[in-house]
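# Topology and contacts: notes
Read off the chains here:
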Amino acid sequence: MRHLLFSIIAATSLTASAQSEWTLRQCIDHALSHNITIKMQEDNVRQQQIQLSTSRNQRLPSLSASAGESLSFGRALTIDNTYSNRNTQSTNFGLSTDVPVFTGGQIYHDQQIKHLNLQSAMADLDKVRDDMALNVVSAYLEAVYQKDLVEVAKQQVELSKNQVHRRQVLFDNAKASEADLAQIKSALASDELALTQQQNSYSLALLTLSQLLELESPDGFDVVRPATADIGSIVLTAPDIIYSEALGIKPQVKSDEIKLKSAEHSIRMAQAGYYPTIHFSAGLSTSYYKSSGGYNNPAFGRQMKDNFSQYLSLNLSMPIFSRFQTRNSVRSARVSVHTQQLQFEQTKKTLYKDIQQAYYNALAAQKQCASSDAALESNRTSFDLVQKKYDNGKATMTEYQESKVALMKAEATAIQAKYTFLFRQKILDFYRGVSL
């Protein structure tokens, strides 16, 4: 029996040592490195980088080569204005280039738009990362909360076990009835069931957090309780101050501001359709021709040399009437600018409302912490008194259980209030740009 007990203790110790406890910082870093949504947004940033490179390369000259072979059979018109059967063969080679000289600013504004789109995509990536960090904080604190409730449930089981032992001793000495012993054993069974249920809730909380971190399995995964300062002594920053700080750092504000600048460049890009365009082009070409029917066909090399030609060209294209397409493009771009201005203002208002709500939620949670701590202390004192009375036979089993349940609820409420405030405080820090 002793060997079996030692084996169980050793196995439990090995299991506990095999578990890996993660801090909040480790959870956030792992989520930012492995989350699929973040990786998809990173791919979007790469796409914007490619589009910017494409836009910049529009200023470069184009270069193309061509080669063609043509065969002709049957009757054809001769230089004598008669028809005869003959076969012809022609070979053509060419090399050409084209350079945009003036496009009415279209290339410039397109490049500016692509550059702003890249900055906006990077701001959106920061927004996705911030949202993921907040989700991890919420899931992490929920797991810690459930972990603390497991400890509360274990304390309740230990209290019931102690009472069962006391009643068993009294019963063995004929100082307690069998009914009293059965009641306290029933209470112990209920507490053990509550502990099992709470452990299941804790396992589910760990599962939720592990899935958010993209872990393959929650096996061996655990969380570290964060250090907490004196909640009552914490002074919360006013919403207006937080908002003024958030305007300059929050990615959603940056993204909408950049999109507004991009929309303004879209107007100028559309207006480029009113201006003429100038293109410079140049090329080289040569050909070889061979015909049957008694014609003298010079050698291939001779023809390639004699038929070699070059050209330079400067082309001006003047828009006169485009079925109002350019005019409507400019109108549409102006509407887009107005829409983006409204979106920018809406984003700032939403940010201010969220900060206000987070501030007053944190303030309420701080007050709830103070009241729940006071209630917990009161319930703990009351339980100690009832327990002494129960041990001395001056309180009934019902009174004892009611006092114990009230204490457990008070402990759960105090724990929940503490982690609710921690989460609300983290949100306020998040708006101020403080690392989570």
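Everything discussed here concerns the structure shown above.
Residues numbered from 1 in each chain as written. Predicted model: local features only at pLDDT ≥ 70, side-chain atom pairs only at ≥ 80, totals over all residues. Heavy atoms only, no water.

Attention shifts here to a nonpolar patch on the surface. Together, Val101, Phe102, Tyr274, Tyr275, Phe280, Leu312 and Leu314 make up a nonpolar patch on the protein surface, roughly 760 Å² of accessible area in all. At the level of elements, β5 (88–102) and β8 (309–317) are the ones that each hand at least two residues to the nonpolar patch. Relative to the elements of secondary structure, Leu314 occurs in strand β8. (Patch = residues over 30% accessible without salt bridge, like charges linked within 9 Å, V, L, I, M, F, W, Y side chains within 5 Å. Areas by Shrake-Rupley, 256 points an atom, 1.4 Å probe, with all protein chains shown as cover. Salt bridge = Lys/Arg side-chain N within 4 Å of Asp/Glu carboxyl O. Helix = DSSP H or I, 4+ residues; strand = E, 2+ residues; numbered from the N terminus.)

As a further point, take the packing of aromatic side chains. Aromatic ring pairs are defined here through the distance separating the ring centres and the angle between the ring planes. One pass over the full model with this rule turns up eight aromatic pairs. Relative to Phe324, the ring of Phe321 has its centre 5.3 Å away and its plane inclined at 85°; by these criteria the two rings are edge-to-face. Residue class for Phe321 comes out exposed when judged on its relative accessible area of 60%. Using a relative accessible area of 45% as the deciding quantity, one classes Phe324 as partly exposed. Seen in terms of ring centroids, Phe430 and Tyr431 are 5.3 Å apart; in terms of plane orientation they differ by 55°. Their pairing is tilted. Put simply, the rings of Phe383, Tyr390 and Tyr400 touch in pairs and so form one group of aromatic residues. Here the basic side chain of Arg167 rests over the ring of Tyr390, its NZ or CZ set 4.4 Å away from the ring centre. Positioned over the ring face of Phe430 is Lys250, at 3.5 Å from the centre of the ring. (Phe/Tyr/Trp six-rings, centres within 6.5 Å; stacked < 30°, edge-to-face > 60°. Buried < 20%, exposed > 50% of the residue type's maximum accessible area, 1.4 Å probe, protein only. Lys NZ or Arg CZ within 6 Å of the ring centre and 35° of its normal.)

One open sheet holds the four strands; their spatial order is β2-β5-β7-β8, and the pairing between them is antiparallel. This sheet does not close on itself; its edge strands, each paired only once, are β2 (62–72) and β8. For this sheet the average axis-to-axis angle between neighbouring strands, irrespective of direction, equals 20°. The sheet contact formed by β5 and strand β7 (residues 277–291) spans 14 bridges and is antiparallel. Each residue of the ladder has a partner; that of Thr97, found in β7, is Ala282. (Pairing = 2+ DSSP bridges. Axes fitted to C-alpha atoms, helices over the stretch in contact; angles between N-to-C directions.)

Turning our eyes to something else, we now look at the pairing of β5. Both β2 and β5 contribute to a ladder of eleven bridges, which runs antiparallel. In the sheet register, Ser66 faces β5, and the bridge partner there is Gly94.

Moving on, we come to the nonpolar core. By size, the foremost hydrophobic cluster in this structure holds 83 residues, and its most contacted members are Val136, Leu209 and Val223. Per element, the largest residue contribution to this core is 22 residues, and it comes from helix α4 (residues 106–172). Excluding residues within four positions of it along the chain, Val136 makes contact with Leu24, Cys27, Ile28, Ala31, Leu209, Leu212 and Leu213. (Core = buried A, V, L, I, M, F, W, Y, C linked by side-chain atoms within 4.5 Å. Contact = heavy atoms within 4.5 Å.)

By secondary structure assignment, the location of Val152 is in helix α4. Exposure remark for Val152: the relative accessible area of 5% places this residue in the buried category. When residues no more than four places from it in sequence are discounted, the contact partners of Val152 are Met408, Glu411 and Ile415.

Compared with the 51 Å implied by 1.5 Å per residue over 35 residues, the 51 Å span of helix α5 (residues 178–212) between its first and last C-alpha is a close match. Every buried residue of α5 is accounted for by Leu181, Ile184, Ala187, Leu188, Asp191, Leu195, Gln198, Tyr202, Ala205, Leu206, Leu209 and Ser210. As for α5, its buried residues are in contact with α2 (24–34), α4, β6 (221–223), α9 (325–391) and α10 (397–431). Once α5 ends, the next one or two residues include Glu214, with phi positive near 65°. (Expected span 1.5 Å × (residues − 1).)

Evaluated as defined, the whole model comprises 20 salt bridges. Note that Lys418 is salt-bridged to Asp148, the shortest N-O span being 3.9 Å. In this pair, Lys418 sits in helix α10 while Asp148 sits in helix α4, placing the two residues 270 residues apart along the sequence. On the basis of relative accessibility, which here comes to 23%, the residue Lys418 falls in the partly exposed class. Residue classification places Asp148 among the buried residues on the basis of a relative accessible area of 8%. Close ionic contact of Glu377 with Arg380 constitutes a salt bridge, the shortest N to O distance being 3.5 Å. With Glu377 and Arg380 both in helix α9, this residue pair falls three residues apart, about one helical turn. The class of Glu377 is partly exposed, set by a relative accessible area of 46%. Connected through shared salt-bridge partners, Glu21, Lys147 and Asp222 make up one network.

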